[in-house]
Each structure stands twice: as structure tokens, then as C-alpha cells.
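Chain by chain, the residues run as shown.
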Amino acid sequence: MAPKSTSKKDKSPPSDPDGMFSGMVVFLIETGVQSRRLQIWKQKLVQMGAKIEERFSKNVTHVFAIDANSLLQKVDRERLTRSKAKLLAYQWLEDSLTKGEKEFEDLYVLSLQSGGGGSLSPKADNGSHPNSSEITPKKGRSSAEDAKNASPRHMIDAKDLAVVDSRDTKSASSLATRSSSPEVASPEVGTSDSSSLYKPPDLNRNITQIFGKLINIYRALGDDRRSFSYYKAIPVIEKLPFKIESANQVKHLPAIGKSMQDHIQEIVTTGKLSKLEHFEKDEKVKTISLFGEVWGIGPATALKLYEKGHRTLDDLRNEDSLTHSQRLGLKYFDDIQSRIPRHEVEEMERLLQKIGEEILPSVIVVCGGSYRRGKSSCGDMDIVITHADGKSHIGFLPKFVKRLKDMKFLREDLVFSVHSTEGTDSGVDTYFGLCTYPGRELRHRIDFKVYPRDIYAFGLIAWTGNDVLNRRLRLLAESKGFHLDDTGLFPATHGAGGKRTKGSASLKFDTEKQVFDFLGFPWLEPNERNL
DNA sequence: TGGCAGCGCAC
DNA sequence: GTGCGC
DNA sequence: GCCA
């Protein structure tokens, strides 16, 4: 989430070969870092002479990460120890920038001692890798809170280093993100003016952090609407170039109503929010939140389980009312929670393309989601599939799934639906399941969506996201008298009665760009869609 | 006061 | 029909 | 929760 798309200047300042970071070749672990801050760091690094590597190559001299855990999740411990690169906490950057000269590195070295490569405690893991809010604020982990409380041993200075939000961790291959957020004022933040003064973003973290927790709590309680309101308020507050000292300063902002003002007032005067404090010590809220993190368990089920007397995930194992999917969600709770390094997704995408090709030549297999948006790690994989001839995609999915099961790539099924042969559901076949990286047992969530070629562009757009963009496109389409979803763009069937006439077919577009153009939305490359 | 998407699956 | 995830 |  979080429209990190603040109107960044398109002037990427020239890099100074004699800057304080000259000679450094850095590799950044983006996990758990707030996107805007990351952007600024990148910019400063380049600006002051460092070179940023997209991969952990041999010539890397410095690796930055929020903590050792996130580091180990991205790069093999072995490669790290073999490498001569310095492994530093981002705090070193912060301090160096503040100070105006390079800090003494040894005080910031990340120790690889703790946490085996994979046997991370679930909590510590969660905290450092909050679910980038893919499509909804959904099961965002309690973000910052977890990061701090759960893995203090990895924190250099918990003060504000542990800052993590439940939102996207942008990869930002391009610092110059286009701004397409008309509804939110976008004051200039941090994006270097030529002065080399370093301005930390997040002047109002005291507020956004609390709101972030409320998002998760309301979501867990089933109050999605309310949750979403806080979700919308955060990016608005984040963009303010000043620290809020009174509710009066925010009362005219969009998404900030009476209630938000009151909360903000309380936070800036007392430093906390009694409403949240109350939630956080509430046994029921805590338990329901936990249960709700299990795939397949939502607010209603979580409540039932709580009322049955369950209090821990362990308790749930002997609960026989759980569905098949919920059982799997429970069994692989930690697995599903852990994020997948980008390069592994890349390999698995290639594998899927190869297998697909063997079953159906010229089949198109693309990994969408945060991967396609360029993120450095992904919570799951969204695979979008089609075939150019417009018909041979039919019947592909069952064969594909069987083959992948035979070779032990797919391990467990969650949902499987085939419609292409019939005609329902616009002929989109869907599969949800668990898969493993070749040679491993760690389960990852994976989705397949098979589209007829003529509506493939819509599927690709929808499954690439992010959710903010999808929502904008939807609303834009609506305003022009159309209805947009992942299966097409339909002439509005407004008027009395029938919502969407199922009969009316979607407009056909060949490419994503054509859809953007038709709607009059400025084209965004996938990696620019991290709004 | 109703809107904030609305679908198909498992059960 | 409800709950859930997408 | 916010907004029209």
C-alpha cells in the first residue's frame, strides 16, 4: 500500500565520484525497510559515489540490511561468510548521513551467529517481513510492533531502526516514480534538494505506527471497512513534511475525519492511544488476531475457536472442526509466513515456464504479483497463464498441476477450480496451493490463473497489482461508465435491476497498455505500480 | 444513509 | 447460506 | 473508519 509514489523529482542528481561513499559497491536487503526511506538511502548512496548492485555479486563491498535475519533470508549464510563484503545495519547509513562522514563500520556489523538459516522463530521472522500489502490490508502482520518486540536481539538500535510498516517495501528500480496520486497532496519529502542535508522521513511515525496496528486488529475482528480507513489514512500522514503537533494541522486532509483527528490529538499529546492499549492487552483480541493469521481462518472462525477455549496455535491442532485448508494453513504456518527471495521466484518462474512449454508449446506463463512489480522478496507467487491461440489454454491447468505434483513442486492443494471448459467464470481456471523450491520442504503459497487470451491483459493487470492501482483503475473505469475486474472491462449495465449483465462480453484488449490507454490512465511499467 | 468489488470455492 | 481469500 |  502506501502510495510511495510521492512526486519524486525526475532529476536524478548526478552522482559524485568523490562523494563520501565513493568506491563502495553495495547490495541492499530491502526486507523490512520502509520504501520511502529505502528510496532516499539509494539516492544518497548513488549521489555520493556508491554503486548499487541488484544482485549479491562478487564485487559487492557492502551489504546493508535491517538486521541479520532479513539478511539471511535473502542471501545464503555460506555466500555471506565466503564473501569479503561488510555486512552492515542500515543504521550505519543513517548515522553517516547525519554525521556527514562515514561512521566507524565495526560498530554496525551484523552478526550471523543467531538464527539458523531457516530456523528463525516465526515471530522474529514475521516482524522483519511484514506482508507487503498485496491486494488488501488483509493479513498484514502487526508490522512494526512485531519487528521490535520479537527480535530485539537483532536490533542495533530499536529506537527507530526497527521501523517497519505493514505495507510495501518498494524496490524502486527507478527512483523517479511517477506520481499518479491526485487525491493526496504530495509535499516534497526527503527527495534531495541539492543540499546534502539528510531528512529522515516518517516524522509522524508515532501516529502511523499506531494506526498500522489498528489496521490489523480491526481486520482480525472482521471490521474490514474500519480497518481500511486506517489503511488509507497512513499514506496521507506519511507524506506530511512536518511533525504533527495538533489535530488542527490535519483536519482538512483527505481520509482524516473526526475520529482520526481525535486519535491523532491523543497520540501527539499523550504519546499513546488508549484504545489501542486496551486492544493490546485484551486476551480475546490477541488470540483472535493470532488465529486469523492461519490461512483459511478468518474473523468468524477465529472467534469460534476462541470461544471453544483455544488460546494457542498448538491448541488448534486437536480441533476437529478445522477444514482441510485450515489444517494445512496451520501445519505450514511458519512456512507460509516466510518470504521468498526474488531470485528464487525467478528460478521457479523459469521452471514453470519450462514445464508449461512441455505440456503446451507456446503457453505463456508469467509470475505476477509483487515479483512482477520488482520486489526483492515475495510473500507468495501469482502465476498468470494464457495461450496466444485463444483456445488451447483450455484444459491446460489440470495437466499442468498434475505434472507439477508428480515432480513434487506442488505439494498440497488448497483450492482447485476449472471452468474454461464450461463457460462460467469467464473461463478462468484457478488453482491455489502450496509449492516448494526444488530440493526443499519449505512451503510457499502459489496461485495459478489461466485466462483466455482475449482477457489475459485484465488478468495480468489485476494480478500484478498493486491493490491501490487496481482500485484506482476500477474507479476510473466506473467513472467512465465501465466495470473493470480481472476478467475484463464491461460496458456499465447500470440502471434498474441487473447489476452486471453476465451476457455482455468484455471489451477485448491485447495488452495492458491498451487497457491503460483506453481508460486514460498514464502507463506504468510493472515496477512502477507500487503505489 | 449507504458506498467502500464481487467472485467461486469449501463446508 | 456463511466464511474465506483473492 | 471516511465520504458523498
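Just above, that's the structure.
All of the points below concern the structure found in this document. If you're wondering where the values come from, they're calculated on a predicted model, not measured in any experiment. (Residues numbered from 1 in each chain as written. Chains lettered and ligands numbered in written order. Predicted model: local features only at pLDDT ≥ 70, side-chain atom pairs only at ≥ 80, totals over all residues. Heavy atoms only, no water.)

1. Observations regarding the overall build of chain A
Secondary structure summary: chain A contains 22 helices and 13 strands in total. The buried share among the 531 residues of chain A stands at 56%. In chain A, 69% of the contacts between residues at least 6 apart in sequence involve partners at least 24 apart. Carbon and sulfur atoms form 53% of the exposed surface of chain A, whose accessible area is close to 22,300 Å². (Helix = DSSP H or I, 4+ residues; strand = E, 2+ residues; numbered from the N terminus. Buried < 20%, exposed > 50% of the residue type's maximum accessible area, 1.4 Å probe, protein only. Contact = heavy atoms within 4.5 Å. Areas by Shrake-Rupley, 256 points an atom, 1.4 Å probe, with all protein chains shown as cover.)

2. What to know about the environment of His263
Counting through the fold element by element, His263 comes out in helix α10 (residues 258–270). Placed 53 residues apart in sequence, His263 and Ile210 show a C-alpha to C-alpha distance of 9.6 Å. Apart from the residues within four sequence positions on either side, His263 is in contact with Phe211, Tyr230, Leu273 and Lys275. Among the polar contacts made by the side chain of His263, one reaches the side chain of Tyr230 at a distance of 3.2 Å. (Polar contact = N/O pair within 3.5 Å; in protein donor to acceptor, adjacent residues only side chain to side chain.)

3. Overview of the sheet that holds strand β4 (residues 86–89)
Here we have four strands laid out as an open sheet, ordered β2-β1-β3-β4, and parallel in their pairing. Taken across any chain shown, the strands that pair with only one partner, and hence form the sheet edges, are β2 (51–53) and β4. On average, each strand axis in the sheet is inclined to that of its neighbour by 30°, with strand direction left out of account. Sheet topology note: the strand β1 (residues 25–28)/β2 ladder contains three bridges and is parallel. If you follow Val26 over to β2, its bridge partner there is Ile52. (Pairing = 2+ DSSP bridges. Axes fitted to C-alpha atoms, helices over the stretch in contact; angles between N-to-C directions.)

4. A closer look at the packing of aromatic side chains
On inspection of all chains with the given rule, the structure shows 18 aromatic pairs. With 6.0 Å between their ring centres and 20° between their planes, Phe64 and Tyr90 make a pair best called stacked. Linking Phe64 in strand β3 (residues 62–65) with Tyr90 in helix α4 (residues 90–99), this pair joins segments that are 26 residues apart in sequence. Clustering of aromatic rings is evident, with ring pairs tying together Phe21, Trp41, Phe64, Tyr90 and Trp92. Over the ring of Tyr218 we find Arg226; its NZ or CZ atom is 5.8 Å from the centre of that ring. (Phe/Tyr/Trp six-rings, centres within 6.5 Å; stacked < 30°, edge-to-face > 60°. Lys NZ or Arg CZ within 6 Å of the ring centre and 35° of its normal.)

5. Digging into unusual backbone geometry
A cis amide bond links Gly465 with the next residue in sequence, Asn466, at an omega value of 0°. When you line up the elements, Asn466 lands in the loop between α20 (456–464) and α21 (467–479). A positive phi angle, near 70°, is found at Ser362, a position not held by glycine. Looking at where Ser362 falls in the secondary structure, it is placed in the loop between α17 (342–359) and β6 (363–367). By relative accessible area, which is 45% here, Ser362 ends up partly exposed. For Lys408, which is not a glycine, the phi torsion comes out positive at approximately 65°.

6. Considering the state of the cysteines
Following the criterion strictly, the structure yields zero disulfides and no others. Here Cys378 is not cross-linked by a disulfide; its sulfur's nearest cysteine counterpart is in Cys367, at 6.2 Å. Here Cys378 falls in the buried class, since its relative accessible area comes to 0%. (Disulfide = S-S within 2.5 Å.)

7. Some words on the pairing of strand β11 (residues 443–450)
On any regular strand, side chains alternate: one points to one face of the sheet, the next to the other face. The element β11 is extensively covered by neighbouring structure, given that eight of its eight residues are classed as buried. In β11, alternate side chains face the same way, and those of Arg443, Arg445, Asp447 and Lys449 on one face and His444, Ile446, Phe448 and Val450 on the other are all buried. With five bridges joining them, strand β8 (residues 381–387) and β11 adopt parallel strand pairing. Residue Val384 lies in a different strand from β11, and its bridge partner there is Lys449. Pairing of strand β10 (residues 429–436) with β11 involves eight bridges; the strand directions are antiparallel. Bridging across to β11, Tyr431 finds its partner in Phe448. If you look at the hairpin formed by β10 and β11, you'll find six residues sitting between the two strands, and Gly439 has a positive phi there, around 90°.

8. Description of the pairing of strand β13 (residues 488–491)
Across four bridges, strand β12 (residues 482–485) lies against β13 in antiparallel orientation. Opposite Asp485, over in β13, you have Gly488 as the bridge partner. Where β12 folds back onto β13 in an antiparallel hairpin, the turn is made up of two residues.

9. Considering the packing of α17 against helix α19 (residues 396–406)
At a minimum axis distance of 10 Å, the contact between α17 and α19 shows a crossing angle of 125°. Judged on the interaxial angle alone, α19 and α17 are oblique. Where α17 crosses over α19, the two elements pack in a sense that is right-handed. Touching Leu352, Ile355, Gly356, Glu358 and Ile359 of α17 are Phe396, Lys399, Phe400, Arg403 and Leu404, all from α19. The class makeup of the residues in the contact of α17 with α19 is six nonpolar, one polar and three charged. (Parallel < 35°, antiparallel > 145°, perpendicular 65-115°, else oblique. Left-handed = near helix turned anticlockwise from the far one by under 90°. Nonpolar A, V, L, I, M, F, W, Y, C, P; charged D, E, K, R; others polar.)

10. Things to note about the protein's contact with DNA strand B
Close to DNA strand B lie eight residues, the nearest being Thr323, His324, Ser417, His419 and Arg474. Counted by atom, the contact set of DNA strand B within 4 Å of the protein is 78% sugar and phosphate. One nitrogen or oxygen atom from the main chain of His324 is found 3.2 Å from a phosphate oxygen belonging to DNA strand B. Between DNA strand B and the protein, one listed contact pairs a phosphate oxygen with a side-chain N or O atom of Arg474 at 2.5 Å. Among the residues making up the surface near DNA strand B, the classes are represented as one nonpolar, four polar and three charged. (Near = heavy atom within 4 Å.)

11. Observations concerning the environment of Val33
Mapped onto the elements, Val33 comes out in the loop between β1 and α1 (35–47). On the accessibility criterion, Val33 (2% relative accessible area) is buried. In this structure, the C-alpha to C-alpha distance between Val33 and Ile66, residues 33 residues apart in sequence, is 6.8 Å.

12. Looking at the protein's contact with DNA strand D
Near DNA strand D, the surroundings consist of 15 residues, among which Tyr218, Ser229, Ala255, Gly257 and Lys275 are the closest. Among the atoms of DNA strand D close to the protein, meaning within 4 Å, 67% are from sugar or phosphate groups. Between DNA strand D and the protein, one listed contact pairs a phosphate oxygen with a side-chain N or O atom of Tyr218 at 2.9 Å. The contact in question runs from a phosphate oxygen of DNA strand D to an N or O atom on the backbone of Gly257, over 2.9 Å. Elements supplying a minimum of two residues to the surface near DNA strand D: α9 (224–238) and α10.

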